[in-house]
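Structural features, examined
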Amino acid sequence: MIPTHELTGMILAGGEGRRMGGRDKGLEPFAGLPLVGHVVKRLEGQVGELLINANRNADAYRFFADRVIADLVMDGAEGGFKGPLMGIYSGLRAAKTPWLLVAPCDSPALPDDLVARMIKGIGHHDIAVAFDGERLHPVVALLRTSLADDLAATLAEGERKIDRWYARHDWCRVDMSDCTDAFANLNTEEEKLRLETTLFNSSAKEAR
Ligand SMILES: Nc1nc2c(ncn2[C@@H]2O[C@H](COP(=O)(O)OP(=O)(O)OP(=O)(O)O)[C@@H](O)[C@H]2O)c(=O)[nH]1
Ligand SMILES: [Mg+2]
């Protein structure tokens, strides 16, 4: 089993948020908190260091994490938004531990025991990816940080698809089909409002 001090958590918040008018999704208010705050709550206390991977508004994100890291730029390449695989790479390089757990900033309903389940599920594999019973969620993953050099070479070839890179390695899925709704993510203003209503109503009901 992976002990907490060997695990770094990282929230991916480095996207452009184009479907949300170019806004910084992680900082969007959602049920009383910036979206990223909901994901922080799922990870804090269960990882050694908590990172947020963001490419703008670093000062605002700093409040929520031990360290904010921007995407690295590959030698000889142009910077800019190169996709979540570049965020994962930047996290693998920044982490000071043998393991990195990644989660996206736009999934505010992730299970409270996500970290424990990923640790239990990885077994002897090098990469574990959350599976909701129907779909894999490549941005919800636990990875060995020693994969950084291999990922650098893969990115240099122009690869941007996370699951194609995982497929080259010893990976497994972690079954979370009992909590499919936990993987709801929001990409547009409409989805945000809809999810806010659903989640807010159901938690209000639980509290009663
Ligand atoms: N580091 C980094 N993360 C990214 C990048 N693009 C997307 N992400 C993250 O990957 C996750 C899923 O991405 P999307 O849902 O497509 O978010 P997005 O790219 O900001 O939104 P769109 O521009 O509408 O696609 C989110 O947590 C994003 O913050 C990127 O270029 N770099
Ligand atoms: Mg995107």
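Residues numbered from 1 in each chain as written. Chains lettered and ligands numbered in written order. Predicted model: local features only at pLDDT ≥ 70, side-chain atom pairs only at ≥ 80, totals over all residues. Heavy atoms only, no water.

If you check an unreviewed UniProt entry, the protein chain appears there as Molybdenum cofactor guanylyltransferase from Halomonas alkaliantarctica. Quoted verbatim from the Sequence similarities (unreviewed entry) field of the UniProt record, the comment on the protein chain reads "Belongs to the MobA family." Looking at the protein chain in UniProt, the text filed under Catalytic activity (unreviewed entry) is "Mo-molybdopterin + GTP + H(+) = Mo-molybdopterin guanine dinucleotide + diphosphate". (UniProt positions renumbered as here; feature names shortened; annotations may be inferred.)

Take the pairing of strand β1 (residues 7–13) next. Of all the 7 residues making up β1, 7 are buried; the element is thus mostly covered by neighbouring parts of the structure. A two-sided burial pattern is seen for β1, the buried positions comprising Leu7, Gly9, Ile11 and Ala13 on one face and Thr8, Met10 and Leu12 on the other. As defined by bridge partners, β1 adjoins strand β6 (residues 99–104) across 6 bridges and the pair is classed as parallel. Residue pairing for β6: Leu7 is matched across the bridge by Trp99. Bridging between β1 and strand β4 (residues 49–54) involves 6 bridges; their strand directions are parallel. Residue pairing for β4: Thr8 is matched across the bridge by Glu49. (Buried < 20%, exposed > 50% of the residue type's maximum accessible area, 1.4 Å probe, protein only. Helix = DSSP H or I, 4+ residues; strand = E, 2+ residues; numbered from the N terminus. Pairing = 2+ DSSP bridges.)

Attention now goes to the UniProt feature "binding site: Mg(2+)" (unreviewed entry) in the protein chain. The feature "binding site: Mg(2+)" (unreviewed entry), as annotated in UniProt, sits at Asp106 in this numbering. Checked against the element boundaries, Asp106 lands in the loop between β6 and α4 (114–122). When neighbours within four sequence positions are excluded, Asp106 is seen to be in contact with Lys25, Leu35, Ala184, Asn185, Leu186 and Asn187. A distance of 3.4 Å separates the side chain of Asp106 from the side chain of Asn185, its partner in a polar contact. (Contact = heavy atoms within 4.5 Å. Polar contact = N/O pair within 3.5 Å; in protein donor to acceptor, adjacent residues only side chain to side chain.)

Per the UniProt record, "domain: MobA-like NTP transferase" (unreviewed entry) is annotated on residues 9–169. Counting secondary structure, residues 9–169 comes out at 30% helix and 24% strand; the distance between its end C-alpha atoms is 21 Å.

Moving on, we get to the packing of aromatic side chains. Going through the model one piece at a time under the given rule, you end up with 2 aromatic pairs. Centre to centre, the rings of Phe63 and Phe64 are 5.1 Å apart; their planes meet at 90°, and the pair counts as edge-to-face. Of the residues examined, Phe64 reaches a relative accessible area of 17% and is grouped as buried. Ring geometry for Trp165 against Tyr166: centres 5.8 Å apart, planes inclined by 45°, an arrangement best described as tilted. For the pair shown, Trp165 and Tyr166 are each scored as buried. Between the NZ or CZ atom of Arg173 and the centre of the ring of Phe131, over which it lies, the distance is 4.1 Å. (Phe/Tyr/Trp six-rings, centres within 6.5 Å; stacked < 30°, edge-to-face > 60°. Lys NZ or Arg CZ within 6 Å of the ring centre and 35° of its normal.)

Looking now at the nonpolar core. Formed by 36 residues in total, the largest nonpolar core has its most connected members in Leu7, Ile11, Ile52, Met118 and Leu142. For this core, the secondary structure elements donating two or more residues are β1, α1 (35–43), β4, β6, α4, β7 (127–131), β8 (136–144) and β9 (171–175). Looking at this core, the element that brings in the most residues is α4, giving 5 residues. Ignoring anything within four residues of it in the chain, the contact list for Leu7 reads Ile2, Gln46, Val47, Gly48, Glu49, Thr97, Trp99, Leu100, Leu101, Val115, Ile119 and Leu142. (Core = buried A, V, L, I, M, F, W, Y, C linked by side-chain atoms within 4.5 Å.)

As a further point, take the site of ligand 1. For ligand 1, the set of nearby residues contains 21 residues, the closest of which are Leu12, Arg18, Asn53, Asp71 and Gly83. Between Gly15 and ligand 1, the recorded distance is 3.1 Å, taken from a backbone N or O atom to an oxygen atom. Between ligand 1 and Arg19, the relevant distance is 2.8 Å, taken from an oxygen atom to a side-chain nitrogen or oxygen of the residue. Elements represented by at least two residues in the shell around ligand 1 include exactly β1 and α3 (84–94). For the shell around ligand 1, the residue count by class is 6 nonpolar, 8 polar and 7 charged. (Near = heavy atom within 4 Å. Nonpolar A, V, L, I, M, F, W, Y, C, P; charged D, E, K, R; others polar.)

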